[in-house]
Amino acid sequence: MKELTKNELLDIEGGSLSLGVCLVIGAGIVFLLGVIDGLVRPLECR
């Protein structure tokens, strides 16, 4: 097994989610919850 130098360790990428991906996933979840809430508990327009 080869020992990595500090620079090689810093160059390793992968296995993480970027901020944009997290925001898109969060927005999708909020949207789906809103659709489900609208179907289950419809409210009249004021």
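Structure shown above.
So, on to the overall build of the protein chain. Looking only at helices and strands, the protein chain has 2 helices and 0 strands in total. Along the first, second and third principal axes, the C-alpha atoms of the protein chain reach 65 × 20 × 10 Å. Taken over 46 residues, the protein chain has a buried fraction of 0%. Total accessible area on the protein chain stands at roughly 4900 Å², and carbon and sulfur atoms take up 66% of it. Here the protein chain carries 4 positive and 6 negative side-chain charges, and the mean point of each set is 8 Å from the other.

Here we take up the environment of Lys-2. Considering the arrangement of structural elements, one finds Lys-2 in the segment before helix 1 (6-10). Among the polar contacts made by the side chain of Lys-2, one reaches the side chain of Glu-8 at a distance of 3.4 Å.

Within the element layout of this structure, Gly-38 appears in helix 2 (residues 19-40). Judged by its relative accessible area of 38%, Gly-38 is partly exposed.

Residues Phe-31, Leu-32, Val-35, Ile-36, Leu-39 and Val-40 make up a contiguous nonpolar surface patch of roughly 650 Å² in combined accessible area. For Leu-39, the position within the fold is in helix 2. The class of Leu-39 is exposed, set by a relative accessible area of 69%.

Parameters and conventions
- Residues numbered from 1 in each chain as written.
- Predicted model: local features only at pLDDT ≥ 70, side-chain atom pairs only at ≥ 80, totals over all residues.
- Heavy atoms only, no water.
- Helix = DSSP H or I, 4+ residues; strand = E, 2+ residues; numbered from the N terminus.
- Buried < 20%, exposed > 50% of the residue type's maximum accessible area, 1.4 Å probe, protein only.
- Areas by Shrake-Rupley, 256 points an atom, 1.4 Å probe, with all protein chains shown as cover.
- Lys, Arg positive; Asp, Glu negative; His and termini not counted.
- Charge placed at Lys NZ, Arg CZ, Asp CG, Glu CD.
- Polar contact = N/O pair within 3.5 Å; in protein donor to acceptor, adjacent residues only side chain to side chain.
- Patch = residues over 30% accessible without salt bridge, like charges linked within 9 Å, V, L, I, M, F, W, Y side chains within 5 Å.
- Salt bridge = Lys/Arg side-chain N within 4 Å of Asp/Glu carboxyl O.

Remember, this is a structural readout, not a statement about activity or role.
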